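If you want the building blocks of each chain, they are given just below.
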Amino acid sequence: MDARLYYLTLGNVMIGTGTMVVSGILDPIAADLAISVSAAGQVTTVYALAFALGAPVAAAFTGRFDRARVLALSLLVFAAASLLSAVAPNYTTLLIARGLGGLAAATFSPTAVAVAASLVPPAERGRAIALVFGGMTIASVLGVPLGTWIGLNFGWRILLAGLGVLSLGAVIALWRGVPGGLFLPAATLARWDEALRLPIIRALLGVTLFQIGGSFVLFAFFGPYLGTVTGVGTDGIASLLFLFGLASLIGNFAAGWAVDRVGAGPVAHGAIALTALSMVALLGTAGAPVLAGLAIILWGSAVFGINTAQQARLVDAAPGLATVVLPANSSILFAGQALGAALGGAVLAMGGLAALPLVGALVVGIALVLSLRAMRQTGRAPV
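Residues numbered from 1 in each chain as written. Predicted model: local features only at pLDDT ≥ 70, side-chain atom pairs only at ≥ 80, totals over all residues. Heavy atoms only, no water.

1. Examining the overall build of the protein
Note the following rule: Numbered from the N terminus, helices here are DSSP runs of H or I no shorter than four residues, and strands are runs of E no shorter than two. Both definitions apply: the radius of gyration is a C-alpha atom measure, and the globule rule equals 2.2 Å times residues to the power 0.38. Only protein chains enter the accessibility calculation, which uses a 1.4 Å probe; a residue whose area is less than 20% of its type maximum is buried, one above 50% is exposed, and one in between is partly exposed. Throughout, a residue-residue contact means that at least one pair of heavy atoms, one from each residue, lies within 4.5 Å. Areas reported as accessible are Shrake-Rupley estimates using a 1.4 Å probe. Residue values count occlusion only from the protein chains shown. Positive charges come from Lys and Arg alone, negative charges from Asp and Glu alone, with His and the N- and C-terminal ends not counted. Positions of charges follow a simple convention, taking NZ of Lys, CZ of Arg, CG of Asp or CD of Glu.
The secondary structure content of the protein amounts to 15 helices and 0 strands. Compactness check: the protein gives a C-alpha radius of gyration of 19 Å against a globular reference of 21 Å for 383 residues, within 12% of the reference. Each principal axis of the C-alpha distribution contributes one length, and for the protein these read about 50 × 45 × 35 Å. Here the protein holds 383 residues, and 59% of them are scored as buried. Counted over contacts in the protein with a minimum sequence separation of 6, partners at least 24 positions apart contribute 87%. Carbon and sulfur atoms provide 73% of the accessible area of the protein, an area that totals close to 13600 Å². Separation between the mean location of the 17 positive side-chain charges and that of the 10 negative ones in the protein comes to 7 Å.

As structure tokens, then:
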């Protein structure tokens, strides 16, 4: 593998930690800012919306620039947003800071995956995407559980300040490890129009929307769910998040390996189905941490494998439009997170914390139907 891929992965570790860790520290954020847990959960919604709206804009605006420098600058902005979040004096400032972080992430992550896909031959594309996207799963294994533990025991502000400092270190490593000269086709309006006119691209983006939306119905409120419904304490929440992350890491790389051998379509179908089943299984884990851990392992192993397969499906479907379809997928990915968090917040506001897994599984089920239809549209197993 090209050594530059590892620096891209490091950047995604920072982005992934900053994206997901908030779900585990909603309670202290709510207490500190004197807001409800449901309102605190909308910090995730704002971040996701900023990413969703920012990804296509960032792809178009930065398309003519050296991608190595775009990556370094966007990660620098992400670091600054994390530091601003750490010192936010009120809820409004925190929302603004998280929105800025979402915009920076919207620039970094799709660019990193597009660069990764361009650095290797097609036969290695699945593994290259899995490696760079694996930064998100590494964040799940290490960053999120460790960050949750720090946030719950030492304060959420300490956590976000530390994330900002570490992200600055990643900027320096990226600047030194990925030299300039990385140019890819610009994501012009004409290329966006070309991509979105393809029925298979629209279908695959629909799969992304519903699978991640369903997952975030629960994941946006994962910390409160585990603490209240499953009945574990602070250390238990961090431990279960670690299990989720470890399973995600294994599932992501297994998906990359499988995509290069059996095709992205079958991998996506299996992972989506397993995601829905594991969320349903969580319904029977009230007061049973061990059973919850088993369900979480299944969920984690599937959910990140979907994302790896989806990105490979999109590149396979339109190889010449990778700089468009990957930002589009990232945009839809975070739009789904925002919608899922909003739906989860509505369920929570109605007093239905225990119902979150069922609602999420039903939404993921829609993704499975769309995914199977997408394969029939093409008549080709790889898609």
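2. Observations concerning the packing of aromatic side chains
The condition that has to hold: A pair of Phe, Tyr and Trp rings is counted when the ring centres sit within 6.5 Å of each other, with Trp represented by its six-membered ring. The angle between the planes then sorts it: under 30 degrees is stacked, over 60 is edge-to-face, the rest tilted. Two conditions define a charge located above a ring, namely a distance within 6 Å from the ring centre to NZ of Lys or CZ of Arg, and an angle within 35 degrees of the ring normal.
According to the stated counting rule, one finds 5 aromatic pairs in the structure shown. With a centroid separation of 5.5 Å and 70° between ring planes, the pair formed by W149 and F154 is classed as edge-to-face. The class for W149 is partly exposed, based on a relative accessible area of 34%. By way of ring pairs, the aromatic residues F216, F219, F244 and W299 are connected into one cluster. Across the ring face of W175, the terminal group of R69 is positioned such that the distance to the ring centre comes to 4.0 Å.

3. Structural notes on the confidence of the model for the protein
So the rule is basically this: Values of pLDDT, the confidence the predictor places in each residue, fall between 0 and 100.
On average, residues of the protein carry a pLDDT of 85, and 96% of them reach 70 or more. In the predicted structure, residues 379-383 sits below a pLDDT of 50 and forms 15 contacts with residues beyond four places in sequence or in another chain.

4. Details of the environment of L277
One can find L277 in helix α12 (residues 264-281). Taking the C-alpha atoms as reference, L277 lies 9.5 Å from V364; in sequence the two are 87 residues apart.

5. Regarding unusual backbone geometry
Although it is not a glycine, A34 sits at a positive phi angle of roughly 60°. In this fold, A34 is placed in the loop between α2 (26-33) and α3 (37-62).

6. What to know about helix α11 (residues 234-262)
Because each turn of an α-helix spans 3.6 residues, side chains separated by three or four positions in sequence point in the same direction. Operational definition: A helix is expected to span 1.5 Å for every residue after the first.
Between its terminal C-alpha atoms α11 stretches 41 Å, which fits the 42 Å expected from 29 residues at 1.5 Å a residue. At the exit of α11 stands G263, carrying a positive phi of roughly 105°.

7. Considerations on the nonpolar core
Applied cut-off: Grouping buried Ala, Val, Leu, Ile, Met, Phe, Trp, Tyr and Cys residues that are joined through side-chain atoms within 4.5 Å yields what is termed a nonpolar core.
Counting 115 residues, the largest nonpolar core has L8, L75, F222 and W299 as the members making the most contacts within it. Considering every element that reaches this core, the biggest residue donor is helix α14 (residues 322-349), with 12 residues. Excluding anything up to four places from it in sequence, L8 contacts L71, F108, A112, V115, A116, V132 and L174. Judged by nonpolar contacts, the second largest core, of 8 residues, contains A258, V259, A264 and V267.

8. Structural notes on the layout of surface pockets
By rolling a water-sized probe across the atoms, one finds the places where empty space is left. Our working definition: Only protein atoms enter the 1 Å grid used here. Points where a 1.4 Å probe fits but cannot escape make up a cavity, open sets with protein on both sides within 12 Å along at least five of seven lines make up a pocket, and a residue lines them when an atom lies within 4 Å of a point. Grid points are joined across faces, edges and corners, and a volume is the space filled by probe spheres set on the points. Classification used: nonpolar for Ala, Val, Leu, Ile, Met, Phe, Trp, Tyr, Cys and Pro, charged for Asp, Glu, Lys and Arg, polar for all others including Gly.
As a volume, the largest pocket reaches approximately 220 Å³. Surrounding the largest pocket, 14 residues form its lining, T17, G143, L146, L159 and L166 being those nearest its centre. Sorting the residues of the lining of the largest pocket by element identifies α1 (4-20), α6 (125-154) and α7 (156-177) as the ones contributing at least two each. Looking at which element gives the most residues to the lining of the largest pocket, the answer is α6, with 6 residues. Its residues placed into classes, the lining of the largest pocket shows 10 nonpolar, 4 polar and no charged. There is about 160 Å³ of room inside the second largest pocket. Residue lining of the second largest pocket: F61, T62, F65, R69, V70, L73, S74, V77, A104 and T107, and that is the complete set. At 5 residues, the largest contribution of residues to the lining of the second largest pocket is made by helix α4 (residues 67-86). Among the residues forming the lining of the second largest pocket, the class breakdown is 6 nonpolar, 3 polar and 1 charged.

9. Quick look at the pattern of salt bridges
Stated formally: For salt bridges, the criterion is a side-chain nitrogen of Lys or Arg within 4 Å of an Asp or Glu carboxyl oxygen.
Summed over the entire model, instances satisfying the criterion amount to 2 salt bridges. A salt bridge links D32 to R157; the nearest nitrogen and oxygen atoms lie 3.1 Å apart. Placement of the pair is D32 in helix α2 and R157 in helix α7, with a sequence separation of 125 residues. Here D32 falls in the partly exposed class, since its relative accessible area comes to 43%. Here R197 ties to D193 by a salt bridge, and the two come within 2.8 Å at their closest N and O atoms. When its relative accessible area of 38% is taken as the criterion, D193 is described as partly exposed.

10. Points about a nonpolar patch on the surface
Note the following rule: The patches described consist of residues with a relative accessible area above 30% and no salt bridge, like charges being joined within 9 Å and nonpolar side chains (Val, Leu, Ile, Met, Phe, Trp, Tyr) within 5 Å.
A surface patch of nonpolar side chains, about 400 Å² in accessible area, is lined by L73, L76, L83, V165 and L168. Broken down by secondary-structure element, the contributors of at least two residues to the nonpolar patch are α4 and α7. The dominant element in the nonpolar patch, judged by the number of residues it contributes, is α4, at 3 residues. Checked against the element boundaries, L73 lands in helix α4.

11. Quick notes on empty space enclosed by the protein
Taken as a whole and assessed by the stated rule, the structure comprises 4 cavities of 30 Å³ or more. Its boundaries defined by the atoms lining it, the largest cavity holds a volume of some 200 Å³. Lining the largest cavity are 16 residues, and of these M20, I212, F216, F304 and Q337 sit closest to its centre. Those elements that place two or more of their residues in the lining of the largest cavity are α1, α6, α9 (199-219), α13 (289-317) and α14. When the residues that make up the lining of the largest cavity are grouped by side-chain class, the tally is 12 nonpolar, 4 polar and no charged.

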